[in-house]
Amino acid sequence: MTGETQQQPDLAAAVSGVGEAMAAAQQAVVKQVTLAGDLEAALDLIRDVPDFPEPGVLFRDLTPVLSDAKALGALVYGVAAACPAADVVAGIEARGFLLAAPVAYGCGVGMVPVRKAGKLPAVAAKVSYALEYGTAELEIAVGAIQPGQRVAVIDDVLATGGTAAAACELVEQAGGVVAGVVVVLEIAALNGRAELEGYQVTALRTV
Ligand SMILES: O=P(O)(O)OC[C@H]1O[C@H](OP(=O)(O)OP(=O)(O)O)[C@H](O)[C@@H]1O
Ligand SMILES: Nc1ncnc2[nH]cnc12
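Bear in mind the structure is a predicted one, so any value in this text is a computation, not a measurement.

Participant: Could you give me a rundown of the sheet that holds strand β6 (residues 134-141), with the residues and numbers involved?
Facilitator: Spatial strand order, β5-β6-β4-β3-β7-β8-β9: 7 strands in an open sheet with mixed pairing. The sheet terminates laterally at β5 (123-131) and β9 (201-206), the two strands that pair on one side only. Taken pair by pair, the neighbouring strands of this sheet meet at an average axis angle of 25°, ignoring direction. Summarising the sheet, strand β7 (residues 150-158) and strand β8 (residues 177-186) pair through 8 bridges and their orientation is parallel. Bridged to R150 within β8 is V177. Against the sheet, helix α6 (residues 162-173) contacts β3 (88-92), β4 (110-116), β5, β6, β7 and β8, and its axis sits at roughly 160° relative to β5.

Participant: Now, about the site of ligand 2: what can you tell me, with residues and values included?
Facilitator: Near ligand 2, the surroundings consist of V57, L58, F59, R60, R95, E132, Y133, V157, A159 and I187. A distance of 2.9 Å is found between a nitrogen atom of ligand 2 and a backbone nitrogen or oxygen belonging to L58. A distance of 3.2 Å is found between a nitrogen atom of ligand 2 and a side-chain nitrogen or oxygen belonging to R95. Bound to the protein, ligand 2 loses 94% of the 260 Å² it would expose on its own. It is strand β2 (residues 58-61) that provides the largest number of residues to the shell around ligand 2, a total of 3 residues. In the shell around ligand 2, the residues fall into 7 nonpolar, no polar and 3 charged.

Participant: An account of the packing of aromatic side chains is needed here, citing residue identities and associated values.
Facilitator: Throughout the structure, instances matching the rule amount to 1 aromatic pair. Ring centres of F52 and F59 lie 5.0 Å apart, and the angle between their planes is 85°; on these two criteria the pair is classed as edge-to-face. Judged by relative accessible area, F59 falls into the buried class, the value being 13%.

Participant: So, the environment of A23: which residues are in play, and what are the values?
Facilitator: Among the structural elements, A23 can be located in helix α1 (residues 11-32). Residue classification places A23 among the partly exposed positions, given a relative accessible area of 37%.

Participant: Lay out the UniProt feature "domain: Phosphoribosyltransferase" (unreviewed entry) in the protein with the relevant residues and their values.
Facilitator: Per the UniProt record, "domain: Phosphoribosyltransferase" (unreviewed entry) is found at residues 87-186. With 25% helix and 48% strand, residues 87-186 has its two end C-alpha atoms placed 25 Å apart.

Participant: Outline a nonpolar patch on the surface, supporting the account with residue identities and numerical values.
Facilitator: On the surface, V18, M22 and Y105 cluster together into a nonpolar patch covering about 330 Å² of accessible area. On the secondary structure map, Y105 appears in helix α5 (residues 95-107). A relative accessible area of 58% means that Y105 is categorised as exposed.

Participant: Describe the pattern of salt bridges, naming the residues involved and giving the relevant values.
Facilitator: Pairing of side chains with opposite charge becomes possible as their charged atoms draw close. Counting across every chain of the model gives 10 salt bridges. With a shortest N-O distance of 2.9 Å, D44 and R205 are connected by a salt bridge. Within this pair, whereas D44 is found in the loop between α2 (36-43) and β1 (47-50), its partner R205 is found in strand β9, the two being separated by 161 residues in sequence. Judged by relative accessible area, which is 53%, D44 ranks as exposed.

Participant: Any details on α6? Residues and values, ideally.
Facilitator: With 12 residues, α6 should cover 16 Å at 1.5 Å per step; its first-to-last C-alpha distance of 16 Å lies within 8% of that length. Of the residues making up α6, those classed as buried are G162, T163, A164, A165, A166, A167, C168, L170 and V171. In this structure, the buried residues of α6 make contact with β3, β4, β5, β6, β7 and β8. G175 sits one or two residues past α6 and shows a positive phi near 100°.

Participant: Help me get a handle on the packing of helix α4 (residues 69-82) against α5, residues and values and all.
Facilitator: Close contact between α4 and α5 brings their axes to 9 Å; oriented N to C, the two are set at 65°. In terms of orientation, α4 and α5 fall into the roughly perpendicular class. Note that α4 runs across α5; the crossing there is right-handed. Contacts between α4 and α5 pair L75, V76, V79 and A80 from the former with L99, P102, V103 and C107 from the latter. In terms of residue class, the contact of α4 with α5 is built from 8 nonpolar, no polar and no charged.

Rules behind the numbers
Residues numbered from 1 in each chain as written. Chains lettered and ligands numbered in written order. Predicted model: local features only at pLDDT ≥ 70, side-chain atom pairs only at ≥ 80, totals over all residues. Heavy atoms only, no water. Pairing = 2+ DSSP bridges. Helix = DSSP H or I, 4+ residues; strand = E, 2+ residues; numbered from the N terminus. Axes fitted to C-alpha atoms, helices over the stretch in contact; angles between N-to-C directions. Contact = heavy atoms within 4.5 Å. Near = heavy atom within 4 Å. Polar contact = N/O pair within 3.5 Å; in protein donor to acceptor, adjacent residues only side chain to side chain. Areas by Shrake-Rupley, 256 points an atom, 1.4 Å probe, with all protein chains shown as cover. Nonpolar A, V, L, I, M, F, W, Y, C, P; charged D, E, K, R; others polar. Phe/Tyr/Trp six-rings, centres within 6.5 Å; stacked < 30°, edge-to-face > 60°. Buried < 20%, exposed > 50% of the residue type's maximum accessible area, 1.4 Å probe, protein only. UniProt positions renumbered as here; feature names shortened; annotations may be inferred. Patch = residues over 30% accessible without salt bridge, like charges linked within 9 Å, V, L, I, M, F, W, Y side chains within 5 Å. Salt bridge = Lys/Arg side-chain N within 4 Å of Asp/Glu carboxyl O. Expected span 1.5 Å × (residues − 1). Parallel < 35°, antiparallel > 145°, perpendicular 65-115°, else oblique. Left-handed = near helix turned anticlockwise from the far one by under 90°.

Written out as structure tokens, the structure is:
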């Protein structure tokens, strides 16, 4: 310890500078993303990877969409436009997080992570489920959802529907009301909608 007082950064000034920079960057994206065709072009970037994570599964990979600035903007705006009115947006680990956070931020609401088991320090509810390539458990944190809050559930892919159905059950166990489910890509052959009967389900693209 030298006893010297460390110079603290001016946080208020820094935050205001960042806010302006973010607003300018966002406006630039909004200017670019003006056509529905932009969303279609973004969705065209989804890559099909055979035999991942196991033989026989055709994996739908959104990473090429995420890494393209214009496509990412179109995707976030597309999901936000498809989102039902909600008090909070829930994103399903892990790929749902990538969309739920910017959508929630853009819509001016909070974001709740629906997590795989063992990650949360205080668990309000846990649900087990099956998916195309295995079984898993999802959890939601204590206090993440207030009683009666309307929750939009967001994920990248709807396949067998086990994951999204488990997320909806969790939201309800936590006291929320599912306003709807929004996914980027629905794999129709796996009939995930059958697991989500009674919920409003919107897919930006169905294959
Ligand atoms: O409709 P289902 O058959 O339930 O499958 C859909 C789920 O599978 C994928 O997640 P995965 O469990 O592979 O986890 P990850 O996002 O952590 O890769 C995808 O992101 C969905 O959450
Ligand atoms: N085929 C698939 N591609 C991407 N994510 C998935 N989740 C479950 N099935 C999937």
